[in-house]
Amino acid sequence: MSDTYKMLAEFAQTWGLIYFVTVFLAVLVYALWPANKKKFDEAARMPLRED
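Predicted model only: the values in this text are computed from it and were never measured. (Residues numbered from 1 in each chain as written. Predicted model: local features only at pLDDT ≥ 70, side-chain atom pairs only at ≥ 80, totals over all residues. Heavy atoms only, no water.)

Focus on the environment of Thr22
So, point 1. Checked against the element boundaries, Thr22 lands in helix 1 (residues 3-32).
So, point 2. Residue Thr22 is classed as partly exposed on the basis of its relative accessible area of 48%.
So, point 3. For the pair Thr22 and Ala43, spaced 21 residues apart in the sequence, the C-alpha separation amounts to 26 Å. (Helix = DSSP H or I, 4+ residues; strand = E, 2+ residues; numbered from the N terminus. Buried < 20%, exposed > 50% of the residue type's maximum accessible area, 1.4 Å probe, protein only.)

This is the structure we're talking about:
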């Protein structure tokens, strides 16, 4: 393997992990934010409505 490929692979693995962890945490914070509770509770009850 060339040094360039190895360096590029390490860069992609490191920053890819950081990117996905950041996105995961952002989604988690959004889903658990208290202001969004009413919206998510309403969406959870949507299939049970008899409209």
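So that's the structure; there's more coming.
Some remarks on the packing of aromatic side chains
Remark: the centre distance and the inter-plane angle together describe each pair of aromatic rings, the angle taken between the planes.
So, point 1. With the rule as written, the count across this model stands at 3 aromatic pairs.
So, point 2. Residues Tyr19 and Phe20 carry aromatic rings whose centres are separated by 5.2 Å and whose planes lie at 70° to one another, so their mutual orientation is edge-to-face. Across the pair, Phe20 and Tyr19 agree in class, each one exposed.
So, point 3. Here the aromatic rings of Tyr30 and Phe40 are separated by 5.8 Å at their centres, their planes lie at 90°, and the arrangement is edge-to-face. Here Tyr30 is found in helix 1, whereas its partner Phe40 is found in helix 2 (residues 37-45), with 10 residues between them in sequence.
So, point 4. Given a relative accessible area of 45%, Tyr30 falls into the partly exposed group.
So, point 5. In this structure Phe40 comes out as partly exposed when scored by relative accessible area, which is 33%. (Phe/Tyr/Trp six-rings, centres within 6.5 Å; stacked < 30°, edge-to-face > 60°.)

Purely spatial values, then, with no claim about function.
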